[in-house]
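Observations on chain architecture
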There are 2 protein chains.
Amino acid sequence: MVVHVNLGPRSYAIVVESGALATVGSRLRALGVGARAALVSDAAILALYGKTVVASLEGAGLAVTTVEVPEGEAAKRLDVAARCWDALLDAGLDRGSTVLALGGGAVGDVAGFVAATYMRGVNFVQLPTTVLAQVDASIGGKTAIDHPKAKNLIGAFHQPRLVLCDPATARSLPQREFRSGLAEIVKHGIVLDAAYFAEVERDAPALLARDLGVLERIIGGSCRLKAAVVERDEQEAELRAVLNYGHTIGHALEAATGYARFAHGEAVALGIAAEARLARRLGLASDETVARQERLLAAVGLPIRDASLDAAAVLDAIRRDKKARDGRVPFVLAPAIGTFRLHYDVTAEDIRSVLDELRGSPG
Amino acid sequence: MVVHVNLGPRSYAIVVESGALATVGSRLRALGVGARAALVSDAAILALYGKTVVASLEGAGLAVTTVEVPEGEAAKRLDVAARCWDALLDAGLDRGSTVLALGGGAVGDVAGFVAATYMRGVNFVQLPTTVLAQVDASIGGKTAIDHPKAKNLIGAFHQPRLVLCDPATARSLPQREFRSGLAEIVKHGIVLDAAYFAEVERDAPALLARDLGVLERIIGGSCRLKAAVVERDEQEAELRAVLNYGHTIGHALEAATGYARFAHGEAVALGIAAEARLARRLGLASDETVARQERLLAAVGLPIRDASLDAAAVLDAIRRDKKARDGRVPFVLAPAIGTFRLHYDVTAEDIRSVLDELRGSPG
């Protein structure tokens, strides 16, 4: 499946297909980029897919430098970005050159930031190897590194020239990481497309079994939904905030627990459960709308209750949210499956109340 | 004079008028930005204009944090940018907040880079206080910091929301810095507008005497010319390269002399003299076209000859030019005053030859 992201001069294709990684060289050549490229990845991912990607690039006549970064969030540090800039300069990359990110969301974030800022922006290609990165992080041009006091504080919008998703890579993910990625898929269904949500409900068992055909269809469907949002609001002025469904509380949960207790998708699942309940509390959503979201999250193995939730710490983290403007944080709420509404008047009491609900037993 | 830069959703106004700095608060409020702002500047400039700007901002109800950076190129370091990010976060700046750069090109470059990358981009306002920054650096959204091995290597395109040029600030500049800024004015005339070039020829004595009316008209005229180029090529894909006239050799001269010997405008003046001669050598320009450029540069007190030019060092620096693509550097040449042409086939021998000419006595 190929999804086109139409952004005028910054348009690009998202290719979702088994074996896509081996086609990167010829596809990149077809875009008319310069002869030099840097492949940014971590050791574990390079061991799995490095050879395939480098062979494809070199086979297309590109000179490739490999830049190894730490695994996970540790890659998103200013000193790592600085080492990448050094490596690009040493390898003679120029304004026509290309930076490729091979790996999960963290690699894409730091490599994208480096591509956005090296010589004021060079070509960037995303080769996401996790479900989370394939359906979310790799699309839309958000790049960032962390500040010691705030995640993703330093970054830029810089659209990729190409995104290649090989759904086969999802089959080698550890179980917890695979399931974490499904939270974004569920999120896309809830706020953007009721038919897609129903498709995920129906295919949940095959998805969990990592059936390749189902993976390709569901991942491709999520890419299509995210691309449509990005097309209509490239720089997250308003509409794009819809993608933050479950994330305002989810991010706060992660921050409040030092990014150590929950995988991102687990925090988002709890955030969705909480924000579903917020919509009900505010009289926007029915019991069944809440229950359907929680049932699907549970069906794909994601948490919807947590006895240790600390409402005070979560509220404190929300107040420091990057999306706050002069102190107010907008919430995305889902009045029904497939719809959303921005809500600016959620009170601390509302949030405390739904977090209290999540500390109880399911049901 | 108000010049409008039309870039769709990124459009902005350049206001060139005596006393403009004292109007920043009300103009910023009219743009509907958030309540917090950070003023980035150096100690010397803050002593001259800090009070005026802060009073105007506070008078309009904005909460202002002042962030002091080193003077000149020393501001364009990664650790300085990092300190700015820290200060913005500590002051609670959010996505709706504004970063203002008060000073010369270096302050604008680093503050612009910080504004481009803090929370993936916040509002940015340029308050340029040097002629160089007023007619060139503050317009067009180029921001950057330096890499230890290459100037301006790390940066982003990030358009300001507003540019306020107070021509009165030019009157307090040291003589050498004032004249350095005139090189960009002469450049704009040569490649973009023969009538403007003739106006600068005619007004050169009044310009050198820093007549306020003439300063406002000539600076405003240069802003208009640069804005028209930026409108047609926001990201320096091709046309915007015209603004590099005199700069390919000028930058190389600065790099080859460790950025210590020449002020930027002095290097650009020598670069213009060299590139004017390149056009003649390649059969594109007449003797008179070359002579007219050199006469005006000399009339405003800029160098057009230098006995110490090291052709080998300059050639070496050109090969490392950021504008090189797969090894080729494009030259902007002026076949006649008011016209330009991109030329990709300038040889090392051509460059050596014109640099040899510049080592001799004028005439």
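Residues numbered from 1 in each chain as written. Chains lettered and ligands numbered in written order. Predicted model: local features only at pLDDT ≥ 70, side-chain atom pairs only at ≥ 80, totals over all residues. Heavy atoms only, no water.

What follows covers the packing of aromatic side chains. Pairs of aromatic rings are described using the distance from one ring centre to the other and the angle between the two planes. Residues and elements named next belong to chain A. Enumeration over the complete set of coordinates arrives at 2 aromatic pairs over all chains. Pairing W85 with F113 gives two aromatic rings, centres 6.1 Å apart and planes at 50°, and the pair type is tilted. With W85 in helix α3 (residues 78-90) and F113 in helix α4 (residues 105-117), the pair connects residues that are 28 residues apart, well separated along the chain. Comparing W85 with F113, the two get one shared label, buried. Its end group placed over the ring of F178, R210 keeps NZ or CZ at 4.1 Å from the ring centre. (Phe/Tyr/Trp six-rings, centres within 6.5 Å; stacked < 30°, edge-to-face > 60°. Helix = DSSP H or I, 4+ residues; strand = E, 2+ residues; numbered from the N terminus. Buried < 20%, exposed > 50% of the residue type's maximum accessible area, 1.4 Å probe, protein only. Lys NZ or Arg CZ within 6 Å of the ring centre and 35° of its normal.)

What follows is about the relation of the copies chain A and chain B. What relates the two chain copies is a rotation about an axis together with a slide along it. Overlaying chain A on chain B yields an RMSD of 0.0 Å, the required transformation being a rotation through 180° with an accompanying axial translation of 0.0 Å. These values place the two chain copies in the arrangement generated by a two-fold rotation axis. When C-alpha distances to the rotation axis are compared across chain A, the minimum falls at A156 of chain A, with a value of 4.2 Å. A shared interface surface links the copies, since 100% of the contact residues of chain A are contact residues in chain B too. (Least-squares fit on C-alpha atoms with pLDDT ≥ 70 in both. Contact = heavy atoms within 4.5 Å.)

Turning to the sheet that holds strand β2 (residues 12-16) of chain A, a few remarks are in order. Residue and element names in this part refer to chain A. Taking strand neighbours across the sheet as the criterion, the 7 strands line up as β1-β2-β9-β6-β5-β3-β4 in an open arrangement whose pairing is mixed. Lying at the two open borders of the sheet, with one neighbouring strand each, are β1 (2-5) and β4 (63-68). Each strand of the sheet is rotated relative to its neighbour by a mean of 15°, with strand direction disregarded. Across 6 bridges, strand β5 (residues 98-103) lies against strand β6 (residues 123-128) in parallel orientation. Directly across from A101, in β6, lies its bridge partner Q126. Along the sheet, helix α8 (residues 212-232) makes contact with β1, β2 and β9 (162-165), crossing β1 at roughly 10°. (Pairing = 2+ DSSP bridges. Axes fitted to C-alpha atoms, helices over the stretch in contact; angles between N-to-C directions.)

Turning our attention to the packing of helix α9 (residues 247-256) of chain B against helix α10 (residues 264-281) of chain B. All names here are of chain B. Packing of α9 against α10 leaves a shortest axis separation of 7 Å and a crossing angle of 135°. Taken together, the axis directions place α9 and α10 in an arrangement best described as oblique. Both α9 and α10 take part in a crossing whose hand is right-handed. Contact with α9, carried on its side by H247, T248, I249, G250, H251, L253 and E254, involves H264, A267, V268, L270, G271, A274, E275 and L278 of α10 and no other residues of that element. Class assignment of the residues belonging to the contact of α9 with α10 gives a composition of 7 nonpolar, 6 polar and 2 charged. (Parallel < 35°, antiparallel > 145°, perpendicular 65-115°, else oblique. Left-handed = near helix turned anticlockwise from the far one by under 90°. Nonpolar A, V, L, I, M, F, W, Y, C, P; charged D, E, K, R; others polar.)

Moving on, we come to the pattern of salt bridges. Here the structure, examined in full by the defined rule, presents 51 salt bridges over all chains. Note that K149 of chain B is salt-bridged to D90 of chain A, the shortest N-O span being 2.9 Å. With K149 of chain B in the loop between β7 (142-147) and β8 (150-157) and D90 of chain A in helix α3, this pair bridges two chains. Between D356 of chain B and R359 of chain B there is a salt bridge whose closest N-O contact spans 2.3 Å. With D356 of chain B and R359 of chain B both in helix α13 (residues 348-359), this residue pair falls 3 residues apart, about one helical turn. Classification of D356 of chain B by relative accessible area gives partly exposed; the value is 39%. (Salt bridge = Lys/Arg side-chain N within 4 Å of Asp/Glu carboxyl O.)

So, on to the interface of chain A and chain B. With 36 residues of chain A at the contact, the number on the chain B side is 37 residues. Where chain A meets chain B, there are 2 salt bridges. Inspection of the chain A/chain B interface yields 10 residue pairs in polar contact (both at pLDDT 80 or more). Looking at the side of chain A that touches chain B, the elements that each hand over two or more residues are α3, α4, β7 (142-147) and β8 (150-157) of chain A. Top contributing element to the side of chain A that touches chain B by residue count: β8 of chain A, with 7 residues. (Polar contact = N/O pair within 3.5 Å; in protein donor to acceptor, adjacent residues only side chain to side chain.)

What follows concerns the side chain of E266 of chain B. Within the element layout of this structure, E266 of chain B appears in helix α10. Here the side chain of E266 of chain B touches A263 of chain B through a polar contact of 2.9 Å, landing on its backbone nitrogen.

In terms of nonpolar packing, the biggest core is built from 78 residues, with I14 and I190 of chain A touching the most fellow members. In terms of residues, this core owes the most to one element, helix α10 (residues 264-281) of chain A, which gives 10 residues. Two domains each put at least three residues into this core: domain 1 (2-172) and domain 2 (175-359) of chain A. When near neighbours in sequence (up to four residues on either side) are disregarded, I190 of chain A contacts F197, Y245, I272, Q293, A334, A336, I337, G338 and T339 of chain A. Judged by nonpolar contacts, the second largest core, of 77 residues, contains I14, A183, A252 and A334 of chain B. (Core = buried A, V, L, I, M, F, W, Y, C linked by side-chain atoms within 4.5 Å. Domains from an automatic or database assignment.)

This part covers the packing of helix α7 (residues 194-208) of chain B against helix α8 (residues 212-232) of chain B. Two packed helices can be described by the angle between their axes and the distance between those axes. All names here are of chain B. Relative orientation of the contacting elements α7 and α8 amounts to 150°, with a least axis distance of 10 Å. As summarised for this structure, α7 and α8 are arranged roughly antiparallel, according to the angle between their axes. The handedness of the crossing between α7 and α8 is left-handed. From α7, Y196, E199, V200, R202, D203, A206 and L207 reach across to α8, where they touch V214, L215, R217, I218, G221, S222 and L225. Counted by class, the contact of α7 with α8 contains 8 nonpolar, 2 polar and 4 charged residues.

All names here are of chain A. By domain assignment, chain A separates into domain 1 (2-172) and domain 2 (175-359). Once you take the C-alpha centre of each, domain 1 and domain 2 turn out to be 26 Å apart. Contacts between domain 1 and domain 2 engage 31 residues on the former and 29 residues on the latter. Buried surface at the junction of domain 1 and domain 2, summed over both partners, amounts to about 2,600 Å²; 63% is from carbon and sulfur atoms. A per-residue breakdown of the area domain 1 buries against domain 2 is headed by V135, F157 and R171, which together make up 22% of the total. (Buried area = accessible area lost by both parts, 1.4 Å probe.)

Residue and element names in this part refer to chain B. A sheet is described by the order of its strands in space; here 7 strands give the open sequence β1-β2-β9-β6-β5-β3-β4, paired in mixed fashion. Each end of this open sheet is capped by a strand with a single partner; those strands are β1 (2-5) and β4 (63-68). Taking the axes of each pair of neighbouring strands and ignoring which way they run, one obtains an average angle of 15° across the sheet. Against the sheet, helix α4 (residues 105-117) touches β3 (36-41), β5 (98-103) and β6 (123-128), its axis set at about 170° to β5.

All names here are of chain B. Mapped onto the secondary structure, I219 falls in helix α8. Take I219: its relative accessible area is 1%, and that puts it in the buried class. Residues I219 and L207 lie 12 residues apart in sequence; the distance between their C-alpha atoms is 10.0 Å. Excluding residues within four positions of it along the chain, I219 makes contact with V16, Q134, V135 and P167.

Looking now at the side chain of D94 of chain B. With respect to the secondary-structure elements, D94 of chain B resides in the loop between α3 (78-90) and β5. Reaching out from D94 of chain B, the side chain makes a polar contact with the backbone nitrogen of G96 of chain B at a distance of 2.8 Å.

Moving on, we come to helix α2 (residues 43-59) of chain A. All names here are of chain A. Taking 1.5 Å of rise per residue, 17 residues should cover 24 Å, and α2 covers 22 Å from first to last C-alpha, within 8% of that figure. Residue Y49 marks the point of greatest curvature in α2, where the axis turns by about 65°. Within α2 the residues assigned to the buried category are I45, L46, Y49, G50, V53, V54, S56 and L57. Lining the buried residues of α2 we find α1 (24-30), β3 (36-41), β4, β5 and β6. (Expected span 1.5 Å × (residues − 1). Bend = angle between axes of the 7 residues up to and from the residue.)

Among the structural elements, D310 of chain B can be located in the loop between α11 (287-299) and α12 (311-319). Within polar-contact distance, the side chain of D310 of chain B engages the backbone nitrogen of A312 of chain B at 3.2 Å.

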